[in-house]
Amino acid sequence: METGTIPIGELSGGLDLYRTLESGQTYCWRRSDDAMYTETPPGEAWYYTVVDGSPIRVRTTGRTLEWQSPIDAESLVRRLLRLDDDLEAIEAASPDDPLLTEAYEAHRGMRLVEDPPFECLVSFICSAQMRVSRIHSMVSTLAREYGTPLEWNDETYHSFPTPAQLASATEAELRDLGLGYRAPYVVRTAEMVADGEAHPAEARDLEYEPAREYLTRFVGVGDKVADCVLLFSLDFDEAVPLDTWIKSAIEEYYPECSQNGYAATSRAIREELGGQHAGYAQTYLFHHLRTGG
DNA sequence: ACCCAGGAAGTCT
DNA sequence: AGACTTCATGGG
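Attention here is on the structure that accompanies the text. Residue numbers run consecutively from 1 along every chain, following the written order of its sequence. Each chain takes a letter, starting from A, and each ligand takes a number, starting from 1, following the order in which they are written. Only residues with pLDDT of at least 70 are given local features in this predicted model, and only at 80 or more are side-chain atom pairs given and counted; all residues enter the totals for whole chains, interfaces and linings. The side-chain figures draw on all heavy atoms in the structure; neither hydrogens nor water molecules are used.

**Overview of the overall build of chain A**
Within chain A one finds 14 helices and seven strands. Against the 2.2 N^0.38 benchmark of 19 Å for 293 residues, chain A shows a C-alpha radius of gyration of 18 Å, consistent with a compact globule. Overall, the C-alpha framework of chain A stretches about 55 × 45 × 35 Å when taken along its three principal axes. Here chain A holds 293 residues, and 56% of them are scored as buried. Taking the intrachain contacts of chain A between residues at least 6 apart in sequence as the baseline, contacts between residues at least 24 apart amount to 62%. Residue exposure ignores everything except the shown protein chains as possible cover, and the areas themselves are Shrake-Rupley values with a 1.4 Å probe. When the accessible surface of chain A is totalled, it reaches about 12600 Å², and 44% of it is carbon and sulfur. Runs of E in the DSSP output that reach at least two residues are strands. Runs of H or I that reach at least four are helices, and both are numbered from the N terminus. A radius of gyration in this sense is built from C-alpha atoms; the matching globule rule multiplies 2.2 Å by the number of residues raised to 0.38. Here the term buried applies to any residue with accessible area under 20% of the maximum for its type, exposed to any over 50%, and partly exposed to those in between, with areas from a 1.4 Å probe on protein chains only. Contact criterion: two residues are considered in contact whenever any of their non-hydrogen atoms come within 4.5 Å of each other.

**Concerning the protein's contact with DNA strand B**
Whether a residue is near a molecule or strand depends on its heavy atoms: it is near if one of them lies within 4 Å of it. Around DNA strand B, 26 residues are found, and the nearest of them are Gly24, Tyr181, Gly220, Gly222 and Asp243. The sugar-phosphate share of atoms of DNA strand B within 4 Å of the protein amounts to 51%. Between DNA strand B and Val132 there is a distance of 3.2 Å, counted from a phosphate oxygen to a backbone nitrogen or oxygen. One of the side-chain N or O atoms of Asp243 is found 2.8 Å from a base nitrogen in DNA strand B. In terms of residues, the surface near DNA strand B owes the most to one element, helix H11 (residues 223–232), which gives four residues. The classification used treats Ala, Val, Leu, Ile, Met, Phe, Trp, Tyr, Cys and Pro as nonpolar, Asp, Glu, Lys and Arg as charged, and all other residues, Gly among them, as polar. For the surface near DNA strand B, the residue count by class is 14 nonpolar, eight polar and four charged. Polar contacts here mean pairs of N or O atoms no more than 3.5 Å apart (in protein, one a potential hydrogen donor and the other a potential acceptor; neighbouring residues in sequence count only if both atoms are side-chain atoms).

**Concerning the protein's contact with DNA strand C**
In the region of DNA strand C, the neighbouring residues are Met130, Arg131, Arg134, Arg175, Gly180, Tyr181 and Arg182. Of what DNA strand C places within 4 Å of the protein, 48% of the atoms are sugar or phosphate. Arg134 is positioned such that a nitrogen or oxygen atom in its side chain is 2.7 Å from a base oxygen of DNA strand C. Measuring from a sugar or linking oxygen of DNA strand C, one finds a side-chain N or O atom of Arg175 at 2.7 Å. When its residues are assigned to classes, the surface near DNA strand C shows two nonpolar, one polar and four charged.

**Observations concerning the environment of Arg59**
With respect to the helices and strands, Arg59 occurs in strand E4 (residues 54–61). For the pair formed by Arg59 and Gly43, sequence separation is 16 residues and the distance between their alpha carbons is 8.4 Å. Setting aside residues up to four positions removed in sequence, Arg59 forms contacts with Leu17, Glu44, Ala45, Trp46, Thr64, Leu65 and Glu66. From its side chain, Arg59 meets the backbone oxygen of Glu44 in a polar contact 2.9 Å long.

**Focus: the pattern of salt bridges**
Take a side-chain nitrogen of Lys or Arg and a carboxyl oxygen of Asp or Glu: if they are within 4 Å of each other, that pair is a salt bridge. Counted according to the given criterion, the structure contains 20 salt bridges. The salt bridge partner of Asp33 is Arg31, with a shortest N-O separation of 2.8 Å. Taking relative accessible area as the criterion, Asp33 reaches 35% and is therefore assigned partly exposed. By relative accessible area, which is 3% here, Arg31 ends up buried. For Asp227, the salt bridge is made with Arg212, and the minimal N-O distance between the two is 3.8 Å. Here Arg212 lies in helix H10 (residues 208–215) and Asp227 lies in helix H11, a separation of 15 residues in the sequence. Residue Asp227 is classed as buried on the basis of its relative accessible area of 0%. The buried category is assigned to Arg212, whose relative accessible area is 5%. Through salt bridges with shared partners, a single ionic network connects Arg82, Asp85, Arg204, Asp235 and Asp237.

Function cannot be inferred from these measures alone, as they are strictly geometric.
Put into structure tokens, the structure is as follows:
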């Protein structure tokens, strides 16, 4: 087993693993004490995920981030948790806005993540009209039912299913697993990727708005889910997903950004929240508003 | 404690 | 504009 430690003090802006992984931006990580979204901090518990067939687990002890994996996963951990993002610079460059400042101060150390594209895509297809805790349980169920089980450290970890594995599921099966009307969306999107018709990672090579447009070809993916994939998987930091929370924030705090149609409102709020890093601001606002800030 | 209405990181037709 | 699954949650 490979292990490593990363001093949190060396990271600009620090790292709050709990807020990073339980803020509703990623559904790719699970907690060894099975207590995600219970408002209980992880303590000594590990967060784990499986990437490209390798389990990885991380936790913070004191001011240190620990990781363990069968492989040397340090660079992977740095990428998944975006440890090299300069949080202090990002916050400093963000607009001097009372609500945003409050959100940044309330959730120090929260970082954006970089999820694997297909897993992120399916996660956010599942997210339509769902609470974050249920999205997490749905994604965990898909991994358990259709992913590949891996034995490591006397524990069983499940990879998230490949497109082909998920395409083998039927709509009826996924409905039985509680996905509701999202079931056919997930099956059809998995088939599209498995068949080579399209792949979410291909959007990485496009400009922002064409990339968003590209992703909406997947079934169950509109502008909002497309923005989530761009922001949480493909490093488009300017993407601002217009979900229910942000829409209500626009009405209350940024009424001048309320335009006719998604694209126009998107451009306005992106400008309002600082342009290139607007997605970071969005994630802080979302988490802050959703947790009653 | 039991019941029920409203709502949940929206998309499709 | 209306339909769509399911269910944890809060108010009565």
